[in-house]
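Close look at the chain arrangement
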Amino acid sequence: MDKKIFISYAHKDEKYKEELVEHMSGLRRAGIISEWNDRKIVPGQNWSEQISSNLKSSNIILFLISASFMNSDYCMGIEVETALDMHEKGEAQIIPIVIRAVDWTDSEISKIQGLPKDARPISSWENADEAWLDVVGGLKDHIQSFEPKAQIATRSINSSEITCSKFTDDWLTDTEIVLTHRKVNQVSLEDIYVVPDIELESKDELINIKSSKYLLEERGHYIISGEEQQGKTSLLKYLYRKFLKEKYLPLYIDAKIIKKASIEGELTKQLDLQYENLTYLDFSSSKKAIILLDNIDEIGLNQKYKSKFLEDINALTQNTYITCHSSYNYIYGDMPALDEHERIELLGLGNKKREEIVQKWISLGVEENIEEKELYTKCDELKSRLNTIIKKNIVPPKPIYILMLLQMFEANAQLNLELTSYGHCYQQLIYQSFDKAHISKQDFDKYLNVLTELAWEIFKRENNLNSFDIDLFFVNYSKSFLSIDKDQVLNKLIGHSILNDNGINIGFKYPYIYYFFVGKKIAESYRDSEETKTKIEGLLSKLHREDYANILIFITHHTRDSWVLHEIKSVLDSLFEENNEATLSKNQLSFMGDFMKVIPELIIEQREIQKERDAQNDQLDELERKRDDDEEGESLDILAKINQTFKGMEIAGQIIRNRHATLTRQSMEDLAKTGAFAGLRFLEYFIKISDTAKKEIIKLISTHLLEYPNISNKEIERQAESAYLHLTYGIINGVTRKIASSIGSKEALEVYREMESKVGTPAFNLIRQAIELQFTKTVNIEHITNCVKELQDNQVCLRILKEMVIQHIYMFPVEYKEKQQLSYLLGISIQGQRLMDSKKIGKA
């Protein structure tokens, strides 16, 4: 069936319309299109009705843009308004064709991609035929891909006929960092991927941990949080592969590249990239569509349009999997579009998962013939070496670091376990890539220097380098250092995936290698370069940015100069400085009890549902009228401050763990205290704004009464209290554990004990206990007993202590006698099936 094209133009542009009709004659003769314009109106017909009728029955609407068109009230009024409405409903597609130069950026139609290429006016081309040829080529693309919604309403697509692009195949197998193994030529993600565990939000159980396979079995709306490098993107790749096998249509979107709220435009780009033959209309009309949205906390939209984008995504499919950084948990509750998403936390690799990944590594290339005895013997050896490093918290139990360490063991590297840190892992990774590229040891320094200077150039430009920039870089490099063979260096670095050439720009393939070299440059030049000092000020002022924070972490690897310590302390001291440190004393937490006392009154008030809903809506309307841009700015500012706090604490902890042998006791205590106090000031801020949790409970009561009007006051009171405690405990517990994991160190335990005795607050008591549990991986019954005594009148802190201990027992085996003692001390049933039986605990 042909597509009907409607041409809207100003009569002063008649000649351009005729040229267009002439150039479309081939499409018309082939039966691909039929065309209508107002010159086809027969004398005696009502011209207004004819235009309206033909416009509404068209599939493609062409606007010939010029100053005359923009000046026409009829064109810009009735025709444009009707066409835009049809375009938004998917009934027709608008294509602007710029024929004469004019400023049309303020019109609604300027948001729609125009023709010719780059919307260059037809009149400005030297050869008009070439211009119209470009237009007709663009029209063909639109005609082939567009089908009016009315025609596809009953259309179903056969997902078995849909094929992924080569880009998708490569992306799904890409490990991002180059992994080398002596038994296989190339290690793919599927070869070594281990399905991680996740923790589900639960109001009834203290621990609700499942395999990520749960997300495949129970499809729906999820928001998955985790630390950076925790494996969020790899999890989405795993889900993508599995959904494809089940004949679903998954689509991956990195929120960092989204700049427009139009889901049609953004999804079309990704569909074109990820599939060979799947259009937006086919995808959006399919019941098998699944959206995998990565890094929602980094989306390039403001609050208003972010909400619109998410609402449209939710309306398109019943299956969305969204990831975010852990710190985003503290603010995304203000976004209604995420209310229906189940909250999931991505966990690190425990003992069981580490063994699984080690077995996969050992079995690479010999899966079918390795003997079980050999497999287990090698596995025990590698696990022992891994655990030596992980249990000292030298590196975290994240997949990327475990794989790096396995690769280092594979290469028989002379690994000094005491020196291994984030930085040393990446350094070894770079050296192994050099070996694989057959770079001689004597040339290592040359290649390291090229990469350092290249990373610095990219950092200064805030962009990768195109071919001209690369040539200029090597010219300038040769002026400062000895000349090198540009082509040979680039071929080796690109060929072995240290650098990446996408055909337009050259940059680092893996961002953390880039961070490593920028950190190296700053560490080496800080004392002598004013430019470097200026750049450091920029890094510190935007510590909430992931790239800046990681560069600072690598600086601590490359230098032991005291300036780093002083700068980090200065930043941490400035965060949430208007707040005092949270103490978590009984008095400070009394607000929880006070609110719970008024819950029965809230229930009685909420019984008058409609009256309450009307009043609430009136309040919302009033707030909406008063809202201005400052509100959004404040929300973004708070997220930045939270990220700065968390990143600053992590850097402080890195310095302590890397330099505990050389830092003075006082310097170590000052740094740890500065980091902990910044986290506790944020917690104090949260406690002061705990009205957010109260509003959630009021909403819960109102919803329950609306859905179950016959529910008893006692039952809804129990549910409301449980939900409120869960919300509040969750934040306090999460922040306390985050402080401990960030600033903690096994070697500095005596420093934390001294800090606890000096500060003397329940908050520090919990932080010190969390550090001991996390960094020694053992339960000290004596310390737990003392902690319980000190917190016996503080029910909130006691509950947090219980959760810490239970979480620890889940991850690490505990002797039966110790379990019995802990059960008695904390008043919990550790053997109960509700948590995990003793055999499962041992295996975990």
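Residues numbered from 1 in each chain as written. Predicted model: local features only at pLDDT ≥ 70, side-chain atom pairs only at ≥ 80, totals over all residues. Heavy atoms only, no water.

**Considerations on the overall build of the chain**
Helices and strands together make up the secondary structure of the chain, namely 37 helices and 14 strands. The burial tally for the chain puts 53% of its 844 residues in the buried class. A separation of at least 24 residues holds for 73% of the contacts in the chain among residues at least 6 apart in sequence. For the chain, the computed accessible surface area is about 40200 Å², with 46% contributed by carbon and sulfur atoms. (Helix = DSSP H or I, 4+ residues; strand = E, 2+ residues; numbered from the N terminus. Buried < 20%, exposed > 50% of the residue type's maximum accessible area, 1.4 Å probe, protein only. Contact = heavy atoms within 4.5 Å. Areas by Shrake-Rupley, 256 points an atom, 1.4 Å probe, with all protein chains shown as cover.)

**Some thoughts on the packing of helix 19 (residues 444-461) against helix 20 (residues 467-480)**
The interhelical angle for the contact between helix 19 and helix 20, taken along N-to-C directions, is 125°, at an axis separation of 11 Å. Considered as vectors, helix 19 and helix 20 are oriented oblique to each other. Note on packing geometry: the crossing formed by helix 19 with helix 20 is right-handed. Residues Lys446, Asn449, Val450, Glu453, Leu454, Glu457 and Arg461 of helix 19 pack against Asp469, Ile470, Leu472, Phe473, Phe474 and Tyr477 of helix 20. Grouping the constituent residues of the contact of helix 19 with helix 20 by class yields seven nonpolar, one polar and five charged. (Axes fitted to C-alpha atoms, helices over the stretch in contact; angles between N-to-C directions. Parallel < 35°, antiparallel > 145°, perpendicular 65-115°, else oblique. Left-handed = near helix turned anticlockwise from the far one by under 90°. Nonpolar A, V, L, I, M, F, W, Y, C, P; charged D, E, K, R; others polar.)

**Description of the side chain of Ser529**
Tracing the backbone shows Ser529 in the loop between helix 22 (511-525) and helix 23 (530-541). At 3.1 Å, the side chain of Ser529 and the side chain of Thr532 are in polar contact. (Polar contact = N/O pair within 3.5 Å; in protein donor to acceptor, adjacent residues only side chain to side chain.)

**Quick notes on a negative patch on the surface**
Residues Glu22, Glu126, Asp129 and Glu130 make up a contiguous surface patch of negative charge. Along the chain, Glu130 turns up in helix 6 (residues 128-145). (Patch = residues over 30% accessible without salt bridge, like charges linked within 9 Å, V, L, I, M, F, W, Y side chains within 5 Å. Salt bridge = Lys/Arg side-chain N within 4 Å of Asp/Glu carboxyl O. Lys, Arg positive; Asp, Glu negative; His and termini not counted. Charge placed at Lys NZ, Arg CZ, Asp CG, Glu CD.)

**As for the sheet that holds strand 11 (residues 342-346)**
The sheet built from seven strands is open, its strands ordered 6-5-11-7-10-9-8 with mixed pairing. Across the chains shown, the open sheet's two edge strands, defined by having one partner strand only, are strand 6 (209-211) and strand 8 (249-254). Here the strands of the sheet are splayed against their neighbours by 25° on average, with no regard to which way each runs. (Pairing = 2+ DSSP bridges.)

**Looking at the environment of Leu347**
As for its placement among the helices and strands, Leu347 is situated in the loop between strand 11 and helix 15 (351-363). For Leu347, a relative accessible area of 12% gives the class buried. In this view, Leu347 contacts Pro196, Asp197, Ile198, Glu199, Ile209 and Gln230; residues no more than four positions away in its chain are not counted.

**Points about a nonpolar patch on the surface**
On the surface, Phe468, Leu472 and Val475 cluster together into a nonpolar patch covering about 290 Å² of accessible area. Topologically, Leu472 is positioned in helix 20.

**Overview of the packing of helix 32 (residues 749-759) against helix 33 (residues 762-776)**
At a minimum axis distance of 9 Å, the contact between helix 32 and helix 33 shows a crossing angle of 165°. With respect to their mutual orientation, helix 32 and helix 33 come out roughly antiparallel. The way helix 32 lies across helix 33 gives a crossing that is left-handed. Along the contact surface, helix 32 presents Leu749, Tyr752, Arg753, Met755, Glu756 and Val759, while helix 33 presents Phe764, Asn765, Arg768, Ile771, Glu772 and Thr776. In terms of residue class, the contact of helix 32 with helix 33 is built from six nonpolar, two polar and four charged.

**Considerations on helix 32**
By the burial criterion, the buried members of helix 32 are Leu749, Val751, Tyr752, Met755 and Glu756. Here the buried residues of helix 32 occupy an arc of 155° about the axis, which is enough to place them on one side. Exposed and facing more than 90 degrees away from the buried side of helix 32 are Ser757 and Lys758. Phi for Gly760, located one or two positions after helix 32, is positive at around 65°. (Arc of directions from axis to C-beta.)

**Examining the sheet that holds strand 14 (residues 505-508)**
One open sheet holds the three strands; their spatial order is 12-14-13, and the pairing between them is antiparallel. Of all strands in the sheet, those bounded by a partner on one side alone are strand 12 (465-466) and strand 13 (499-501). Taken together, the three bridges between strand 13 and strand 14 define a ladder with antiparallel strand orientation. From the neighbouring strand, Leu499 faces strand 14, where its bridge partner is Phe508. This element, helix 19, spans strand 12, strand 13 and strand 14 of the sheet and lies at about 115° to strand 14.

**Observations regarding the pattern of salt bridges**
Pairs can form between side chains of opposite charge whenever their charged atoms are close. Within this structure, the stated rule accounts for 43 salt bridges. A salt bridge links Glu18 to Lys17; the nearest nitrogen and oxygen atoms lie 2.7 Å apart. Judged by its relative accessible area of 39%, Glu18 is partly exposed. Relative accessible area serves as the criterion here: at 1%, Lys17 is assigned to the buried category. Glu581 is paired through a salt bridge with Arg681; the nearest N and O atoms lie 3.4 Å apart. Remark: Arg681 occurs in helix 29 (residues 665-688) and Glu581 occurs in the loop between helix 25 (562-574) and helix 26 (590-606); sequence separation between them is 100 residues.

**Things to note about unusual backbone geometry**
Cis geometry is adopted by the peptide bond preceding Pro116, which originates at Leu115 and carries an omega value of -5°. Relative to the helices and strands, Pro116 is located in the loop between strand 4 (93-98) and helix 6. For Lys247, which is not glycine, the phi dihedral falls at a positive 70°. Among the structural elements, Lys247 can be located in the loop between helix 11 (232-245) and strand 8.

**Topic: the side chain of Thr532**
With respect to the secondary-structure elements, Thr532 resides in helix 23. Note on Thr532: relative accessible area 1%, which makes it buried.

**Here we look at the environment of Tyr252**
Relative to the elements of secondary structure, Tyr252 occurs in strand 8. Residues Tyr252 and Asp294, 42 residues apart in the sequence, show an inter-C-alpha distance of 7.5 Å. When near neighbours in sequence (up to four residues on either side) are disregarded, Tyr252 contacts Trp171, Thr233, Leu236, Tyr240, Gln270, Gln274, Leu292 and Asp294. Here Asp294 takes part through its side chain, which lies 2.7 Å from a polar atom of the side chain of Tyr252.

**A short note on helix 22**
The end-to-end C-alpha distance of helix 22 is 21 Å, a good match for the 21 Å that 15 residues give at a rise of 1.5 Å each. Burial runs high along helix 22: 13 of the 15 residues are buried. (Expected span 1.5 Å × (residues − 1).)

**Let's talk about empty space enclosed by the protein**
Inspection of the entire model under this criterion finds four cavities of 30 Å³ or more. Of the pockets and cavities examined, the largest cavity occupies roughly 90 Å³. The element best represented in the lining of the largest cavity is helix 18 (residues 422-436), accounting for three residues. Looking at the lining of the largest cavity residue by residue, the class counts come to seven nonpolar, three polar and one charged. (1 Å grid on protein atoms, 1.4 Å probe; cavity = no way out; pocket = protein on both sides within 12 Å on 5 of 7 lines; lining within 4 Å. Points joined across faces, edges and corners; volume = space filled by probe spheres on them.)

**Observations regarding the packing of aromatic side chains**
Across all of its chains, the model carries 29 aromatic pairs by this definition. On the numbers, 5.2 Å between centres and 85° between planes, the contact of Phe516 with Phe517 is edge-to-face. Its relative accessible area of 0% is what places Phe517 among the buried residues. A connected cluster of aromatic rings, assembled from ring pairs, spans Phe508, Tyr510, Tyr512, Tyr514, Tyr515, Phe516, Phe517 and Phe554. Between Lys15 and the ring centre of Tyr16, over which it is positioned, the NZ or CZ distance is 4.2 Å. A cation over a ring is seen here: Lys641 above Phe576, with NZ or CZ 4.6 Å from the ring centre. (Phe/Tyr/Trp six-rings, centres within 6.5 Å; stacked < 30°, edge-to-face > 60°. Lys NZ or Arg CZ within 6 Å of the ring centre and 35° of its normal.)

**Notes on the pairing of strand 1 (residues 3-8)**
Counting buried residues in strand 1 gives six out of six residues, a clear majority hidden from the surface. Judged from the four bridges that link them, strand 1 and strand 2 (residues 33-36) form a sheet pairing that is parallel. From the neighbouring strand, Lys4 faces strand 2, where its bridge partner is Ser34. By the bridge criterion, four bridges tie strand 1 to strand 3 (residues 60-65) in an arrangement that is parallel. Its bridge partner lying in strand 3, Ile7 is registered against Leu62.

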